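# An overview of the molecular structure
One-letter residues, chain by chain:
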Amino acid sequence: MRNTWILIGCVLLLSGCQTVARRAAPPDLVGRAAPDGFPADIRLMTIDVVNFTTLAPGFFGGLAGAATDGSIDILSLSGGGSGGAYGAGALAGLSRAHARPQFEMVTGVSAGALLAPFAFLGPDWDARMRQAFTGKRNANLLQSPTRTILARLFSPRGLPQHNPLFQLIDHFVTPQMVAAVADEAAKGRLLVVATTDLDKHETVLWDMGRIARHGGPEARRLFRDVLIASASVPGVFPPVLIRVSDGRHEYDEMHVDGGVTTPVFTLPLIAGIQSYELPQLRGAKLYMIVNGQLARAPRTTRFSTVEVLSNAFAAGTTYKTRRAIVQNIAAAHRLGMTFHMTEIPPDYPQESFIDFDQEYMQALFDYAAGCAARGLLWMTPEQSLRRNLSARWASAAASLACPAQVTRQ
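Remember, predicted model here, so these are calculated numbers, not experimental data. (Residues numbered from 1 in each chain as written. Predicted model: local features only at pLDDT ≥ 70, side-chain atom pairs only at ≥ 80, totals over all residues. Heavy atoms only, no water.)

### Re the nonpolar core
In summary, soluble globular proteins display a tendency toward joint burial of nonpolar side chains. Judged by nonpolar contacts, the single largest core of 77 residues is most densely connected at Leu75, Val106, Trp206, Met208, Ile211, Phe223 and Leu227. Once residues within four sequence positions are removed from consideration, Val106 is found in contact with Leu75, Leu77, Ala116, Ala119, Phe120, Leu190, Leu191 and Val192. The next biggest cluster of nonpolar side chains, apart from the first, holds 33 residues, and it includes Phe60, Leu63, Val192 and Leu281. (Core = buried A, V, L, I, M, F, W, Y, C linked by side-chain atoms within 4.5 Å. Buried < 20%, exposed > 50% of the residue type's maximum accessible area, 1.4 Å probe, protein only. Contact = heavy atoms within 4.5 Å.)

Set out below in structure tokens:
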């Protein structure tokens, strides 16, 4: 919790300071502005009913052909900061047990966005995935937070070379990764990542496969910058400015953590509002990895501004995630999907989503990997609800899924 207090305190102290200059944002809520050299339909705002209606048949149409086992498997990865080690361990454990499907569609937000390309590319990338979530580069994300926040908040274009998040993602988003994603996308598979456009207060969904298929340094740069933006928690990491053009004017869009607006997703928001049938997804198998806790044991909150803010943020994230899961349950029922999920159990000793201590991350990775390898990873949403509402979490966990028996020194 100490890092949380320092971070929030720095944000409060710096809230009135001057920021760097930027170009104006695009003036239209839904327009044709796009990153230079890319078509406008590489991304979609979740409220864009016209484009979703037009693009959905083609967007989802290749999934059935890409399904090697005859069923469409979809994986949704939530945000969660350091909790991303849970999702990484879960996937590694499924690989170890030879129980990991080829996911025809993978979606990711925040920490889940960083995990998404590895999940999309399969077990051959597990060693690099483990390094990304348990290695020293991850542990360095919040070293000397008082010093690095000053640099992060006021760096030009939001992508300074000394930003640890930039360095982490830039290291792992190699030309080989982008080329591998392009190859899989060419088969009809989908990799989708969410960011939040702060200028519009809207969620933007990026077709990472189409970005990758563009090829060249521009594809790697945009692929990397979208992942950085999706994981850039406001006040902890700087926003990302993405240069766009409508053919006549150039603008800057400011993108931050996708979890600000949507903690986890399978379909755009408009799909639920309009109740689209989406026959391409009927009967699919939906898997969701929540890289956080949906309930926790009560803890006394002190009369401290920082502690109140920290707990308020955590409570808001928890409730947004629960609501998103309910939306996914409704979509799954409407489309005849089976839905299984996993989350960090409520009795697991997790203190803060920005606790990037290497020992803690490794322990969480190993815990999830062990659960998956023993076939104890997945629950139905109803089983998750029963466990999280139980007054005796340990016994409920033992009967439903992997019990949290880890203790932290």
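Here the narrative resumes, following the displayed structure.
### What about the pattern of salt bridges?
The full count for this structure, using the stated rule, is 14 salt bridges. Salt-bridge contacts for Asp225 lead to Arg224; the nearest nitrogen and oxygen are separated by 2.9 Å. Take Asp225 and Arg224: they sit in the same class, and that class is buried. Here the salt bridges do not stand alone but share partners, grouping Arg23, Arg243, Glu250 and Asp252 into one network. (Salt bridge = Lys/Arg side-chain N within 4 Å of Asp/Glu carboxyl O.)

### Some points on the confidence of the model for the chain
Averaged over every residue, the pLDDT of the chain is 85; the share at 70 or more is 83%. Considering only residues more than four positions removed or in separate chains, one finds that residues 12–18, a stretch of pLDDT under 50, has 7 contacts. Scored below 50 in pLDDT, residues 393–400 makes 18 contacts in the model with residues more than four places away or belonging to other chains. (pLDDT = per-residue confidence, 0-100.)

### Description of the pairing of strand S6 (residues 202–207)
Among the 6 residues in S6, 6 count as buried, and that is most of the element. Side chains Glu202, Val204 and Trp206 of S6 all project onto a buried face; the interleaved residues Thr203, Leu205 and Asp207 project onto the opposite face, where all are buried too. Where strand S2 (residues 43–45) meets S6, 3 bridges bridge the pair, whose relative direction is antiparallel. Opposite Leu44, over in S6, you have Leu205 as the bridge partner. Note: strand S5 (residues 190–197) against S6, 6 bridges, orientation antiparallel. Considered in S6, the bridge of Thr195 is made with Val204. Taken together, S5 and the strand that follows it, S6, pair antiparallel across an intervening segment of 4 residues, in which His201 is found at a positive phi of about 60°. (Helix = DSSP H or I, 4+ residues; strand = E, 2+ residues; numbered from the N terminus. Pairing = 2+ DSSP bridges.)

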